[in-house]
Each structure stands twice: as C-alpha cells, then as structure tokens.
Amino acid sequence: RDAVAPFNVLMELDKGVLEPTDHTKRRHLSDMHGMYLEEPDEAAGDALVYTVHEIVVPESPDHIQCSTTILQPGRVGREFFMTKGHFHEVRGRSEVYLGLRGEGRLVMATEGGDHAVEHIVPGSVSYVPGGWAHRSVNIGSELLVFFAAYVGDAGHDYATIEDEGLPVLLTDAPDGPRVERNPRY
Ligand code: F6R
Ligand code: ZN
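Note that the structure is predicted; figures quoted are calculated from it, not measured.

**Structural notes on the sheet that holds strand β8 (residues 95-101)**
Taken in spatial order, the six strands make up an open sheet running β3-β4-β5-β13-β8-β11, and their pairing is antiparallel. Taken across any chain shown, the strands that pair with only one partner, and hence form the sheet edges, are β3 (23-28) and β11 (125-128). Neighbour-to-neighbour, the strand axes of the sheet open up by a mean angle of 20°, direction not taken into account. Where β8 and strand β13 (residues 144-151) come together, six bridges link them in antiparallel fashion. Paired with G99 across the strands is F146, a residue of β13.

This is the structure in structure tokens:
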C-alpha cells in the first residue's frame, strides 16, 4: 500500500486554482489539432483553451485523483471550446465532476455509440460511469470551472476518440447552444 499522509489543499472556488498544486497542464489550440471540424482562424493564434491543476497521488485503486479544470470561453468555427476528451485506460473506472463556475456541457459516449449530455453549472454533480468517454464544453461567455475526482489507476486513453470525436458536437446556433450530430463520427 502506498502511504500518503493526510493533507489539505485550498481551492479558489471561482478560479479553480489549487494551493498548493502539484502539477499544472495547459492545452492550447495547437494541442487540439484536428479535433474541431474546422481549423481555427489564424487570428486566434495559439490561444489557451484550458488549464488543469492536479493533486498528484499514487496511480493505484486505493487512491482518488483530484483535479480542477478551467476552460476558457471561445469557439472554433461553430464549436465551443472543449477539452480533448478521453476514455479511462482502465475502462471500468468512474469519475465525478463538480461544477464550480460558468456554464458548460459534459458530453459522454460509450464505444458502442450511445451518448449522453449533462449540464455543468455551479453545484452540478455529474457521475461518469466506467466505459463512458467524457469531454467538457464551455458554452458560456466566462470561464467554466469544475472539480473532478476519479479512481487512482484510471489512466487516460485519448487516442480512441482523437480522430472521429464523439457522436455529438456542441455548436453555437442563433437560438443558443445546440447538440448536433457529429458528421465525422
Ligand atoms: C480526469 C478528467 C478531467 C480531465 C480534464 C482535462 O480523468 O476527466 O480531470 O482530465 O478536464 O480534459 P482532458 O483530460 O480530456 O484533456
Ligand atoms: Zn476522466
């Protein structure tokens, strides 16, 4: 058993910043090449899309990985800024998302092609069962911030959905955010 002493981390609820944080990763448009239907405008440069702050604990099922995600508002073509999305490498591993700020959607899908879309708002608790790929989308005009907790050895499989994506897309339509079939899926 990996011994970890009890500890506390303080979160700035509206910013998602963890103090102290063990690890921070940033994803820019260039990290998401080919994941949007359209290529980003050159004027957008290599914009920051999201930041993840992680509390690092051993990758074992005895532990629970915790992180916050801060998704910037924005669009590429008609699609809203989103995370890359992934299955857990250990497919059965589940996850919980707690919404802290902003307005988003959590798009989930199984390898069999079933899909589900839930809301992320301050106070929303979303349960992502094992076997469901998940991607969060910022449909608002401010930051989307959420906290995630998942089984320690879950791991991340980005490759399976990298090329085709998920069955549906979240697009900015004149009457509001729209869930559209993904033509590439
Ligand atoms: C962890 C998890 C989240 C995401 C984060 C960034 O299993 O689901 O903490 O890792 O929101 O999204 P990805 O990992 O898809 O780049
Ligand atoms: Zn996950």
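**Thoughts on a nonpolar patch on the surface**
There is a patch of nonpolar side chains on the surface, built from V96, L98, V125 and Y127 and spanning about 370 Å² of accessible area. With respect to the helices and strands, V96 occurs in strand β8. Take V96: its relative accessible area is 31%, and that puts it in the partly exposed class.

**A word on the site of ligand 1**
The immediate surroundings of ligand 1 are formed by 17 residues, with Y50, T69, E95, Y97 and Y158 found nearest. One of the side-chain nitrogen or oxygen atoms of Y50 is found 2.5 Å away from an oxygen atom of ligand 1. For ligand 1, whose free accessible area comes to 390 Å², the fraction covered by protein is 99%. Of all the cavities here, the one that holds ligand 1 is the largest cavity. Of all the elements in the fold, those that place two or more residues in the shell around ligand 1 are β4 (48-55), β5 (64-71), β8 and β13. Sort the elements by how many residues they give to the shell around ligand 1 and β13 lands first, with three residues. For the shell around ligand 1, the per-class residue count stands at seven nonpolar, eight polar and two charged.

What counts, and at which threshold
Residues numbered from 1 in each chain as written. Chains lettered and ligands numbered in written order. Predicted model: local features only at pLDDT ≥ 70, side-chain atom pairs only at ≥ 80, totals over all residues. Heavy atoms only, no water. Pairing = 2+ DSSP bridges. Helix = DSSP H or I, 4+ residues; strand = E, 2+ residues; numbered from the N terminus. Axes fitted to C-alpha atoms, helices over the stretch in contact; angles between N-to-C directions. Patch = residues over 30% accessible without salt bridge, like charges linked within 9 Å, V, L, I, M, F, W, Y side chains within 5 Å. Areas by Shrake-Rupley, 256 points an atom, 1.4 Å probe, with all protein chains shown as cover. Salt bridge = Lys/Arg side-chain N within 4 Å of Asp/Glu carboxyl O. Buried < 20%, exposed > 50% of the residue type's maximum accessible area, 1.4 Å probe, protein only. Near = heavy atom within 4 Å. Polar contact = N/O pair within 3.5 Å; in protein donor to acceptor, adjacent residues only side chain to side chain. 1 Å grid on protein atoms, 1.4 Å probe; cavity = no way out; pocket = protein on both sides within 12 Å on 5 of 7 lines; lining within 4 Å. Sits in = over half its atoms within 2 Å of the grid points. Nonpolar A, V, L, I, M, F, W, Y, C, P; charged D, E, K, R; others polar.

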